[in-house]
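Results of the structural survey
Residues per chain, in single letters:
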Amino acid sequence: MGYDVAIIGGGPGGYACAIRCGQIGLATALIEEERLGGVCLNWGCIPTKSLYAATKLLAGAERAAQMGISFSKPEIDLKQIAEWKDGVVSQLTDGVGTVLEKNGVEVVHERGKLAGSGRIDLSSGRTIEADRVVLAAGSRPIEIPGFSFGDEAVWSSTDALALREIPDRLAVIGGGVIGLELATIYRRLGSAVSVIELLPEILSIVDLDRRTVATLKRSLKAIGVEVRTGTKAEGFETVDDGVDVLLEGGSRLAVDRILLAVGRRPKSEDLGLETVGVETDDRGFIRIDDRLETTAEGIFAIGDLVPGPMLAHKASTEGIALADSFDGAAIDLDHDGIPQAIFTDPEIASAGVSEHRAKEDGRSVLVGRFPYAALGKALGMSEPDGFFQVVAGEDDHRILGVQIIGAEASDLISEAAVAVRHGLSLEDVIETVHPHPTLPEGLKEACENALGRAIHVVNRSARKEA
Ligand code: NAI
């Protein structure tokens, strides 16, 4: 049968694209060899956030003691936590399956590979034909010399999320987003965690200001996560009571398990791209134009397969925009405006550009900050760590970027994302009444601070910076 659209990959990019194609009445096939939902729902965002929430209760129990409420030492039933997390994942993936079905999308549970223009060969030997093909196959974790996911001692993020054991000592290779999120979870579960980062700073690929990273590093230290930057992990050796991670320069780190989280690369190598002339760059990312079309006519690509941040909401935004373009809409995507949320303790979230990036771009900016410690709601929650930071153009006061580090930052960033996306000014946020007492008041006060007018701090930090 011929389809209007065939999509390879059922993660957040592919399934969102398929649902929207269904909504606009296109005959759509979604080809997925594993479980619907891709890495995000099954082995990434959702299980991580479930475990983040579960282990946050452990940190919360300690916080409660400061408030005068004590619990006896928590008992951790690893099997039950894992079952609960798997239940969350199943509920979501089942839901996605239902929505696809109700929108008339045919889900094909097979492996698909391009076999010429508009043709996809399936693992069963069947061939699908479609007017347009969308590639949404996602990414996979990278291995580095000296470490292989085939080794029992070496975990991928998927192994870590399976929650089979709590190692006494865990080495996390890679101080990026995945490494630090899982370091937080395993530290809360009781592991002694050491993060080994090659570059001079953690979270280097994220556009964060130094002050934000420094605050996180202080907090990691406070919860007992050791961070070694500027340190290369070269391999490991099995020893009597575990493994020794071999570090550049000859030193060793004795641990029980190693989590390798040194980045991901696009899964573009086995899609039959050569059969239609789809080109990739030297890192394997598929080349696309601003309509998300590859170098082969009628073949499009989205998500982790194409350049830009490897984020689920970036993939789904592209997938939906692409489907709408099949219905005649223009595509208007802005990578800088895509917010990011990092689930460390405390959380970090950002939208738009950092102060540093704005200055590199030649902008004269106003910077405003407001600490959680001056927010009544945060103090009442016993969550005083962190701050809000807003960067705005000096001339027009338009908000260029916001960074939040502190409790619930991931939920607080969306107001900032609206402001960045729609070019709102400091005054637009300030003039919007924010209910009291709530955490979003921190963003409003940061905007006021940028103009030297915050109410609940002395406006020393209001600065004009060229
Ligand atoms: P990453 O690129 O963020 O971090 C990997 C780190 O490993 C880098 O800092 C790198 O310098 C370091 N590294 C490389 N080789 C090393 C070595 N030999 N020794 C020590 N350190 C070494 O990659 P990560 O954390 O694997 O994440 C992959 C992608 O998934 C990223 O694009 C990330 O943004 C995305 N992601 C985002 C999440 C979120 O926004 N909450 C959650 C999970 C993933």
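1. Notes on the site of the ligand
Within the structure, the ligand sits among 22 residues, and Ile 178, Glu 181, Glu 197, Gly 263 and Ala 341 are positioned closest to it. The side chain of Glu 181 places a nitrogen or oxygen atom 2.9 Å from a nitrogen atom of the ligand. Here a nitrogen atom of the ligand sits 3.3 Å away from a polar atom, N or O, in the main chain of Ala 233. Protein contacts shield 86% of the accessible area of the ligand, which totals 850 Å² for the unbound molecule. Going through the elements one at a time, helix H6 (177-189) and strand S18 (340-342) are the ones with two or more residues in the shell around the ligand. Considering every element that reaches the shell around the ligand, the biggest residue donor is H6, with 3 residues.

2. Considering the domain arrangement of the chain
Partitioning the chain into structural domains gives domain 1 (2-141 + 265-335), domain 2 (154-262) and domain 3 (346-465). Its C-alpha centre places domain 1 at a distance of 32 Å from the equivalent point of domain 3. Roughly 590 Å² is buried in total at the junction of domain 1 and domain 3, and carbon and sulfur atoms are behind 31% of that figure. Sorting the residues of domain 1 by area buried against domain 3 places Lys 56, Arg 63 and Met 67 first, and these three jointly supply 56% of that buried surface. Along the contact surface separating domain 1 from domain 3 lie 3 salt bridges.

3. Quick notes on empty space enclosed by the protein
Per the stated rule, a full pass over the model turns up 2 cavities of 30 Å³ or more. Taken as a whole, the largest cavity holds about 70 Å³ of empty space. Among the elements that make up the lining of the largest cavity, the one with the highest residue count is helix H3 (residues 45-66) (4 residues). Here the lining of the largest cavity is composed, by residue class, of 4 nonpolar, 2 polar and 6 charged. Two domains each donate at least three residues to the lining of the largest cavity, and these are domain 1 (2-141 + 265-335) and domain 3 (346-465). Estimated volume of the second largest cavity: approximately 50 Å³.

4. Considering the packing of helix H1 (residues 12-23) against helix H4 (residues 78-102)
The interhelical angle for the contact between H1 and H4, taken along N-to-C directions, is 30 degrees, at an axis separation of 9 Å. By the angle between their directions, the pair H1 and H4 is classed as roughly parallel. Judged by the sense of rotation from one axis to the other, the crossing of H1 with H4 is left-handed. Residue-level inspection shows Tyr 15, Ala 18 and Ile 19 of H1 in contact with H4, the latter providing Val 96, Val 99 and Leu 100. Looking at the contact of H1 with H4 residue by residue, the class counts come to 6 nonpolar, no polar and no charged.

5. Quick look at the side chain of Ser 425
Turning to its location among the elements, Ser 425 is positioned in the loop between helix H11 (409-421) and helix H12 (426-430). Other than its neighbours up to four places away in sequence, Ser 425 contacts Asp 396, His 397, Arg 398 and Ile 399.

6. Structural notes on the pairing of strand S11 (residues 225-228)
The two faces of a sheet get side chains in turn, since along a regular strand they alternate between them. Both strand S10 (residues 192-196) and S11 contribute to a ladder of 4 bridges, which runs parallel. Residue Val 195 lies in a different strand from S11, and its bridge partner there is Val 227. Between S10 and its parallel partner S11, the chain crosses via helix H7 (residues 210-223), and the hand of that crossover is right-handed.

7. Regarding the pattern of salt bridges
Side chains bearing opposite charge may pair, as long as their charged atoms lie close to each other. All chains considered together, the criterion is met by 33 salt bridges. A salt bridge links Arg 257 to Glu 152, with the nearest nitrogen and oxygen atoms 3.9 Å apart. One end of the pair, Arg 257, is in strand S15 (residues 257-260); the other, Glu 152, is in the loop between strand S7 (139-141) and strand S8 (154-155), with 105 residues separating them in the sequence. As a salt-bridge pair, Asp 345 and Arg 188 come within 3.5 Å of each other at their nearest N and O atoms. Residue Asp 345 is located in the loop between S18 and strand S19 (348-352), and its partner Arg 188 is located in helix H6; the two are separated by 157 residues in the primary sequence. Like Arg 188, Asp 345 is buried. Salt bridges sharing common partners tie together Glu 33, Arg 111, Lys 113 and Asp 270.

8. Quick notes on the layout of surface pockets
Roughly 720 Å³ of volume is contained in the second largest pocket. Around the second largest pocket sit 28 residues that line it, and Ala 59, Glu 62, Arg 63, Ile 223 and Asp 345 are the ones nearest its centre. Counting residues per element, the ones that place at least two in the lining of the second largest pocket are H3, H6 and H7. It is H3 that contributes the most residues to the lining of the second largest pocket, 6 residues altogether. Residues of the lining of the second largest pocket, tallied by class, amount to 12 nonpolar, 7 polar and 9 charged.

9. Observations concerning the sheet that holds S10
What the 5 strands build is an open sheet, ordered S8-S15-S9-S10-S11; its pairing is parallel. At either margin of the open sheet sits one strand with a lone partner, and together these are S8 and S11. Bridge count for S8 against S15 is 2 bridges, and the pairing is parallel. Opposite Val 154, over in S15, you have Ile 258 as the bridge partner. On top of the sheet, H6 reaches S8, strand S9 (169-173), S10, S11 and S15; it is set at about 165 degrees to S10, its chief contact.

10. What to know about the state of the cysteines
Under the definition given, this model contains 0 disulfides. Considering cysteine sulfurs only, Cys 17 is the nearest to Cys 21, which forms no disulfide, with 4.2 Å between them.

11. Some details on the packing of aromatic side chains
Given two aromatic rings, their pairing is described by the distance between the two centres and the angle made by the two planes. Tallied over the entire structure, the rule returns 5 aromatic pairs. Between Arg 132 and the ring centre of Phe 326, over which it is positioned, the NZ or CZ distance is 4.5 Å. Seen from the ring of Tyr 52, Arg 188 lies directly overhead, with NZ or CZ sitting 4.5 Å from the centre.

12. Quick look at the pairing of strand S14 (residues 252-255)
The alternating pattern of S14 places Leu 253 and Val 255 on a buried face and Arg 252 and Ala 254 on a face that is not buried. Where strand S13 (residues 242-247) hands over to S14, the hairpin turn is made up of 4 residues, of which Gly 249 adopts a positive phi near 95 degrees.

Conventions adopted
- Residues numbered from 1 in each chain as written.
- Predicted model: local features only at pLDDT ≥ 70, side-chain atom pairs only at ≥ 80, totals over all residues.
- Heavy atoms only, no water.
- Near = heavy atom within 4 Å.
- Polar contact = N/O pair within 3.5 Å; in protein donor to acceptor, adjacent residues only side chain to side chain.
- Areas by Shrake-Rupley, 256 points an atom, 1.4 Å probe, with all protein chains shown as cover.
- Helix = DSSP H or I, 4+ residues; strand = E, 2+ residues; numbered from the N terminus.
- Domains from an automatic or database assignment.
- Buried area = accessible area lost by both parts, 1.4 Å probe.
- Salt bridge = Lys/Arg side-chain N within 4 Å of Asp/Glu carboxyl O.
- 1 Å grid on protein atoms, 1.4 Å probe; cavity = no way out; pocket = protein on both sides within 12 Å on 5 of 7 lines; lining within 4 Å.
- Points joined across faces, edges and corners; volume = space filled by probe spheres on them.
- Nonpolar A, V, L, I, M, F, W, Y, C, P; charged D, E, K, R; others polar.
- Axes fitted to C-alpha atoms, helices over the stretch in contact; angles between N-to-C directions.
- Parallel < 35°, antiparallel > 145°, perpendicular 65-115°, else oblique.
- Left-handed = near helix turned anticlockwise from the far one by under 90°.
- Contact = heavy atoms within 4.5 Å.
- Pairing = 2+ DSSP bridges.
- Right-handed = clockwise from strand over helix to strand, strands pointing away.
- Buried < 20%, exposed > 50% of the residue type's maximum accessible area, 1.4 Å probe, protein only.
- Disulfide = S-S within 2.5 Å.
- Phe/Tyr/Trp six-rings, centres within 6.5 Å; stacked < 30°, edge-to-face > 60°.
- Lys NZ or Arg CZ within 6 Å of the ring centre and 35° of its normal.

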